[in-house]
Amino acid sequence: MAESKTESKGPVLGYFRGKSVIVTGASSGIGHDVALAFGEQGAKVALLARRRLQLEELAKKIDKAGGQALALDCDVTDRARMKWAVEQVIESFGAIDILVNSAGLLITDEIEKLKPEDLRRMMDVNLFGALNAMQAVLPAMRKAKNGNIVNISSLAGRRGMSPLGGYSATKFALVGLTEALRVELFNTGIKVSLVMPGVIDTPMAHDAMKRDAFKGMPSMMAMPARWVTWAVLAAAAFGLTEVDVPPGAAVAEKLASLFPGLTDALLSVGTRIMQGAGAFMSGGKSESKPK
Ligand SMILES: NC(=O)c1ccc[n+]([C@@H]2O[C@H](COP(=O)([O-])OP(=O)(O)OC[C@H]3O[C@@H](n4cnc5c(N)ncnc54)[C@H](OP(=O)(O)O)[C@@H]3O)[C@@H](O)[C@H]2O)c1
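Since the structure is predicted, the reported quantities are computational estimates derived from the model, not experimental observations.

A. Representation of the overall build of the protein within the structure. Along the protein, the regular secondary structure elements total nine helices and seven strands. Split into buried and exposed, the 291 residues of the protein put 51% on the buried side. Sequence-distant contacts in the protein: of pairs separated by 6 or more residues, those separated by 24 or more amount to 70%. Looking at the protein as shown, the accessible area adds up to about 13700 Å², and 59% of this sits on carbon and sulfur atoms.

The following block contains the structure:
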């Protein structure tokens, strides 16, 4: 993973001091960097994921950086465990101010070959995992009449792309869930935000780039995780409805949706060029190999 080497210079220094934050998917990539940044700003951060060792290492870093951390191994697809984790956070930190849903799973394949069980696995983590976390924290946030929920979807959650069709479907679903919740929580003091990243330099993207379908993609196209972290911090501090990484990318997608045929053609040509380059680099094989 490309951990950020820079000291945190978040956009709202001081604002998060003493706040209680839950980050799912904190053992790797974006969630790891987001949790570290909150910790560096003096927040109390609950770290949720399945790999306990990684969480404990991160907890030490956060404690050193001036924050307070609580490592909780928790599979987000397990509703009972999620409820337990939230109870632990309330017991330890006294409240829940911010939830960041970053836990995610990507399995690439063309729709014609996509295994239903792979789509279900992605739905379980990317959609139901976020639902479990939101439903677990909402009673406490409602009681406090305060809170921020930040859901990390994807630019693939506004426009279907190949070979990300199954993943896109889960991220579209998360966008729908988030927008509906925003309406339900209007004027309650609880703000719900979407962060929509493009390709980010994390193990998830590296793993995809090792597969033939993405082999033609230059790794320099991937943006640093800290860009997403800034988007998450800004979304949580100002209750923003949507932040794209890079900024404005979703607007381009919305414009593209006015010309769907042309967009399909451009994406199709782009995908073929990338797969051709991937096949060249892997000695002629161009078939996608999902996990
Ligand atoms: N990287 C990108 O290009 C990109 C672009 C757009 C959106 N995103 C989204 O950003 C989020 C973070 O992705 P990333 O790139 O940081 O990926 P990553 O490095 O692979 O990290 C994924 C995280 O999700 C956790 N996770 C997976 N399944 C889980 C489960 N069942 N229960 C609890 N935690 C689980 C993993 O922890 P354990 O394995 O320890 O459980 C890990 O901490 C995801 O929602 C992803 O879809 C990523």
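B. Structural detail: the site of the ligand. As a matter of local geometry, the ligand sits amid 29 residues, with Ser28, Ile30, Arg50, Tyr167 and Thr202 nearest to it. One of the side-chain N or O atoms of serine 27 is found 2.8 Å from an oxygen atom in the ligand. Where the shell around the ligand is concerned, the elements lending two or more residues are α1 (29-40), α5 (165-184) and α6 (203-210). The element that contributes the greatest number of residues to the shell around the ligand is α6, accounting for three residues. For the shell around the ligand, the residue count by class is 15 nonpolar, 10 polar and four charged.

C. Representation of the packing of aromatic side chains within the structure. Here the structure, examined in full by the defined rule, presents two aromatic pairs. Ring centres of tyrosine 15 and phenylalanine 16 lie 5.0 Å apart, and the angle between their planes is 85°; on these two criteria the pair is classed as edge-to-face. For the ring pair phenylalanine 16 and phenylalanine 38, a centre distance of 4.9 Å and an interplane angle of 85° mean the geometry is edge-to-face. Of this pair, phenylalanine 16 sits in the segment before β1 (20-24) while phenylalanine 38 sits in helix α1; the two residues are 22 residues apart in sequence, bridging distant segments of the chain. Across the pair, phenylalanine 38 and phenylalanine 16 agree in class, each one buried. One aromatic cluster is present, formed by Tyr15, Phe16 and Phe38 through successive ring pairs. Above the plane of the ring of tyrosine 15 lies lysine 19, whose end atom (NZ or CZ) is 4.8 Å from the centre. Above the ring of tryptophan 84, the side-chain terminus of arginine 81 is found at 3.8 Å from the ring centroid.

Conventions and cut-offs
- Residues numbered from 1 in each chain as written.
- Predicted model: local features only at pLDDT ≥ 70, side-chain atom pairs only at ≥ 80, totals over all residues.
- Heavy atoms only, no water.
- Helix = DSSP H or I, 4+ residues; strand = E, 2+ residues; numbered from the N terminus.
- Buried < 20%, exposed > 50% of the residue type's maximum accessible area, 1.4 Å probe, protein only.
- Contact = heavy atoms within 4.5 Å.
- Areas by Shrake-Rupley, 256 points an atom, 1.4 Å probe, with all protein chains shown as cover.
- Near = heavy atom within 4 Å.
- Polar contact = N/O pair within 3.5 Å; in protein donor to acceptor, adjacent residues only side chain to side chain.
- Nonpolar A, V, L, I, M, F, W, Y, C, P; charged D, E, K, R; others polar.
- Phe/Tyr/Trp six-rings, centres within 6.5 Å; stacked < 30°, edge-to-face > 60°.
- Lys NZ or Arg CZ within 6 Å of the ring centre and 35° of its normal.

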